[in-house]
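A structural walkthrough
Chain residues, written in single-letter form:
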Amino acid sequence: MPSQAKAAAKQAVSGKSVGRPPGKRAGLTLARILEVASAYHPRDLTMQKLASDLGVDPKSLNYHVGSLKNLLQILANGVFNDLFSSAKLSTLSWQEACRTYARAITTAAIKTGPLIAHIDFESPQAKSSFAATDILMGQLIDSGFSDEQAARAIALLSNICF
C-alpha cells in the first residue's frame, strides 16, 4: 500500500489528521517560526501550540530553536537589537549622542515588552546591539572622558533608561 494511502487509511480509522505525507518537506524555517511565535504573548507560547499553528511536529521546532527558552531569547534579542542597534550616533556631539542612546535604549526596552525578561546579553545575537554602545564610548573618550568616566556615563544611562 503506498504511503499516502496508508496515511489516508490511518486518518480514516483514527479520525485524526496525520500531517503532511511522508517524504514531503515541511518548509520550516527559523524566520517562519519567529513570525508565528511573535504573535503570542510570551506566557501563552508553548512549543506544542506553535507546532500546531505551523502544522509541524514539535520535534521540528526543537531542531530549529532547541527549546522554548531559546525561542523566547531569540525573539527578545531580535526585537531589542532591531530597535537599539539602529541608533545613529556617529555624527552627533557627545551630548546629543547620549540623548539619542538613552532614547534608543528606552524605546527598545518598551517595544520589546514582556519579552524583555528573556533577553540574554551574553548570546552572540545580543552582541550586535552593542555597536551603539561602542560608538558612544568612542565619542565620550574622544571628547575628553577617561575610559572609566565614559564607562560610568554609559552605565548610568543604561541603568536609568533600562
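A brief look at the structure comes next. What you are looking at is a predicted structure, and each value in this text was computed from that prediction instead of being measured.

**Brief notes about the nonpolar core**
Across soluble globular proteins, you tend to see nonpolar side chains buried next to one another. The biggest cluster of nonpolar side chains holds 37 residues, and the ones touching the most others in it are Leu-50, Leu-61, Leu-71, Tyr-101 and Leu-136. Ignoring anything within four residues of it in the chain, the contact list for Leu-50 reads Ile-33, Val-36, Ala-37, Leu-45, Leu-61 and Leu-71.

**Digging into the environment of Asn-159**
You can see Asn-159 is positioned in helix H8 (residues 147–161). Sequence-wise, Asn-159 and Ala-102 are 57 residues apart; in three dimensions their C-alpha atoms are separated by 9.9 Å.

**Some points on the pattern of salt bridges**
Scanning all chains against the criterion turns up 4 salt bridges. One salt bridge connects Arg-152 with Glu-148, and the closest N-O pair in it is separated by 3.0 Å. With Arg-152 and Glu-148 both in helix H8, this residue pair falls 4 residues apart, about one helical turn. When its relative accessible area of 58% is taken as the criterion, Arg-152 is described as exposed. Taken together, the salt bridges that share partners define one network made up of Glu-96, Arg-99 and Arg-103.

Calculation rules
- Residue positions are given per chain, counting from 1 as you read along its sequence in written order.
- Whole-chain, interface and lining totals are the exception, using all residues; otherwise, since this is a predicted model, local features are given only for residues with pLDDT of at least 70 and side-chain atom pairs are given and counted only at 80 or more.
- Hydrogens are left out, water is left out, and the side-chain values use all remaining heavy atoms of the structure.
- We define a nonpolar core as any set of buried Ala, Val, Leu, Ile, Met, Phe, Trp, Tyr and Cys residues linked to one another through side-chain atoms lying within 4.5 Å.
- The rule is simple: take the accessible area with a 1.4 Å probe, protein chains only, and divide by the maximum for that residue type; under 20% is buried, over 50% is exposed, in between is partly exposed.
- Contacts were defined at the residue level, with two residues in contact if any of their heavy atoms lie within 4.5 Å.
- Here a strand is any run of E in DSSP of at least two residues, a helix any run of H or I of at least four, and the numbering for each starts at the N terminus.
- What counts as a salt bridge is simple: a side-chain nitrogen of Lys or Arg found within 4 Å of a carboxyl oxygen of Asp or Glu.

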